[in-house]
Amino acid sequence: MTPTEHNKLLDFLSEVPFFSEVERTSLLEMYKNSETQQFIKNNRIIEKGDVGDAMYVILKGKVKVHDKDHSYGTLTKGDCFGEYALIDEEPRSVSVTALEETSVLKITTAYFSQLMESDKGFVKGVMSVLIKRHRELDIIQEELASSKKEVELANAKMTGLIDGAMDAIIMFDGNFRILLANDSAKSIMENHEVLQRNILFFLDEAGADLLENLVKSKQEQNKNAYLPKIIKVIGSDGTETLHEGTLSSYGDEKEVFYTLILRNIDDRLMAEHKISSLETQTEYLQEEIKELTNDHGIIAQHKSMKKVLDLIAQVAQTEATVLIHGETGTGKELVARAIHAASNRSEGPLIRINCGAIPANLIESELFGHEKGAFTGATASRKGRFLLADKGTIFLDEIGELPLDLQPKLLRVIQEGEFDPVGSSTTQKVDVRIIAASHRDLLQFSKEGKFREDLYYRLNVFPIEIPALRERGNDVSLIADAMVEHFSKKLNRKIKKLTQEQKKLFQEYDWPGNVRELQNLMERAVIVSQNGEIDWSFIIPNSNPRAMEVQSAVEPDHILTAQEMIQLEKENIVKALKQTRWKVSGEKGAAALLGVPPTTLTSKIKALGIVRPV
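For clarity, every value in this text was computed on a predicted model and none was experimentally measured. Residues take numbers from 1 onward in each chain, read along the sequence in its written order. The model is predicted, so local features are restricted to residues of pLDDT at least 70 and side-chain atom pairs to those at 80 or more, both for listing and for counting; the totals for chains, interfaces and linings are taken over all residues. For side-chain calculations, the full set of non-hydrogen atoms in the structure is used, while hydrogens and water are omitted.

Engineer: Mind laying out the pairing of strand S3 (residues 54–60), listing which residues take part and the relevant values?
Structural biologist: Most of S3 is tucked away: six of the seven residues are buried. The pairing criterion for strands is at least two bridges between them, as found by DSSP. Runs of E in the DSSP output that reach at least two residues are strands. Runs of H or I that reach at least four are helices, and both are numbered from the N terminus. Here S3 runs beside strand S8 (residues 102–108); their pairing, made up of six bridges, is antiparallel. Each residue of the ladder has a partner; that of Ile-58, found in S8, is Val-104. Relative to strand S6 (residues 80–81), S3 is paired through two bridges, and the arrangement is antiparallel. Opposite Val-57, over in S6, you have Cys-80 as the bridge partner. Burial here depends on accessible area, computed with a 1.4 Å probe over protein chains only, as a share of the maximum for the residue type. Under 20% is buried, over 50% is exposed, and the range in between is partly exposed.

What follows is the structure, given as C-alpha cells:
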C-alpha cells in the first residue's frame, strides 16, 4: 500500500465516530492486524443468534440490519456494527446482510482487548469517544427529561380539557373498540370501565346502525361530519339519553381511528316541549280571547241575577267544586269566568271544554291527554286539558254529556287530583279547581242511571242556578243596549239606543235561546241597520203583528213549495227537540213526540243540517 493510500485509509478511519479520537499510529496498527472481508449482494455478514466475536467497519457498500423480514434500517460507508461483541459474548440480536457488493474491516474481540491492554494511546482515544458520547447522552437525557415534562404537562392539559368537557368525547378504532372516554362519556354510558368495550353496545339499534354505516362507508375518513340524526345512548343501568354530535377520523390506509363527540339535548328537548306546550296553551287562550270579544260581562239588575253574583262572591275564594245549572245560552261560562277571576287562581289558566261537542271516543284524550301510538292517529304525545289547567281552573261545560265509562276517571281527579293519560302507565298529578255546568237535571239523570250519583254529589258541592233571560225583567234591555254599543263600535256604525216601546218588544219575547240568541240578534240588527235606525219588529221573532196577520190570511189557500215543506219540517223537528231538551230517543224523546223511529229522526236531523245550539 502506497503512502498516499495509507493516508487516505487513516483519514477514513479517523472519521469513523468510534475511532475519531484515536491516534493515527494506533489506527494504522489496528488496520494492519484486522481482516478486510468482501461480501456480494445478499451475503449474510452477521446471523442472529450467533455468538459475537468481532465488530465491523464498512469500508464501502451498503448493508441492512434486520430480523427476518423486519428491517431496522440500513448502514453505509463509515458506519460500525457489532460493537457489543467487544464487551460481552451474548448472541447477536439481529442479522446484517449486504445489499450490494460490500467491503468491511473486521476487528476481532481478542485483538481489540489486546490493543486496550497494550496501547495506551488507543485506550485514551476510545475512552475519549465514550466520554464524549456519554456527555452527549447526558445532554440528550436532559433534553428528553425536559421534553417528557413538557409532554406530560401538555398531556395533563389535554386530559383536563377532555375530562372537563361537558360534551361526551369517545375515541374508538375501526372495530368500534373504545380507546378513550372522558368523564362525561362514562357518565352517560353509566360505566367507568368502558375501555376496549364496543361502543355500539351503548347505542340503540338505530344509532348503532347509523354509526356503523358512517364508519364502514369510509367516506368520513380524515373528515369531520355532523351526525345526520339524533342518537340515543343507553347506559349500563338502562338510562336513555338523546344526543346530537360529530364524528371525525384520522389515520392511514392501514388503520383509522375515530372520535365521536356527543352533546346531550334532553334539556333542550324538554325546553322545546315546554315551549310547544306553552304555544299550544297560547293558541288555546287566543281562541278563548276571540270568543271573549263577544263577552260583555255580567249585567244584572234583577234580583235573581244579583243573587247569582252574591253566590259567585261567596264561593270564588274557596276551592269548592261548583256546579252551574241553567238553560242553554244563559251565560254559564260567564259565571265560571267570574269565579275564576275572583279566586286565588286568577293568575293561572282557565281552560274550557265542552263535553257535548267532542266525540265520545276522543273526549278522554282531550281531557287527560295521550301518549304517542295510544290509538290510531296518535302520531305524537299530547297534553290534555287537565294538565294545561294545572294550578288554575277547568270549566267542564255540558258535563251531563260525559260518557258513563269516563265518569269514574273524572271522579278520581276530583278526589285524588291524579289521572293516567291514554296509553300511559305513568300517573299525572294536577292541582286543578273544577267548575262544571249543565242545562240538564243531573239528579234526575243519576236516578235514571245516565249519570253517576257519586259524581253528581261531588260536583254539586256549591250549586248555582242561572235564571233564564225571560225571567230577568229589564235586564234583557240593558244587555241589548250594551251589545248594540259593542257591535256598533266593532262595525263602525252609530246606532240609537232602545226606546221604551222597543224595550217592551224585548221583554215580551220569550228568548228560548237566552243571552246567546240575544247576542246573535243584536249583531244581525247592527249589520242590517240603515242610517242608525233598526226596525226591531222585523228582528225580534213573532214581534211583527202585521206580518203574522198576512201569513195567517194566506195560509188556508197557500200551496207550499217543496223547499217550504222542507223548511216547515225542519222547524217542526227543531220545535220538538227544544221541547224535549234535544233528547232524540226514549219515552220522552223527540222521536216519540213526532211519531217516528229514532233512527229515522237521526237521519232527518243530519240531512236537514240541524245542529244543537252550544
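Engineer: Quick one: what's the story with unusual backbone geometry, residue by residue and with numbers?
Structural biologist: Even without being glycine, Asn-42 reaches a positive phi, approximately 75°. Summarising the element assignment, Asn-42 is placed in the loop between strand S1 (35–39) and strand S2 (44–46).

Engineer: How would you explain the pattern of salt bridges if you had to name every residue and give the values?
Structural biologist: When their charged atoms lie close together, side chains carrying opposite charge are able to pair. Each reported salt bridge corresponds to a side-chain nitrogen of Lys or Arg within 4 Å of a carboxyl oxygen of Asp or Glu. Taken as a whole and judged by the stated rule, the model has 25 salt bridges. The salt bridge involving Lys-232 is made with Glu-240; its shortest N-O contact spans 3.3 Å. Look at Glu-240 and you get partly exposed, because its relative accessible area is 47%. With a shortest N-O distance of 3.4 Å, Glu-366 and Arg-385 are connected by a salt bridge. Placement of Glu-366 in helix H10 (residues 360–368) and of Arg-385 in helix H11 (residues 385–388) is noted, with a sequence separation of 19 residues between them. By the burial criterion, Glu-366 is buried, and Arg-385 matches it. By sharing partners, the salt bridges in this structure join Arg-412, Glu-418, Asp-420 and Lys-429 into a single network.

Engineer: Which residues make up the sheet that holds strand S7 (residues 95–98), and what values do they have?
Structural biologist: Read from one edge to the other, the open sheet built from four strands follows the order S2-S7-S4-S5, with strand pairing classed as antiparallel. In the strand order of this sheet, the two ends are held by S2 and strand S5 (70–76), each with one partner. Strand-to-strand twist of the sheet, defined as the mean angle between neighbouring strand axes without regard to direction, takes the value 30°. Examined bridge by bridge, strand S4 (residues 62–67) and S7 share four bridges and lie antiparallel to one another. Paired with Val-65 across the strands is Val-96, a residue of S7. Think of each axis as a best-fit line through the C-alpha atoms, taken over the contacting stretch in the case of a helix, with angles from 0 to 180 degrees between the N-to-C directions.

Spatial relationships are all this shows, so hold off on functional conclusions.
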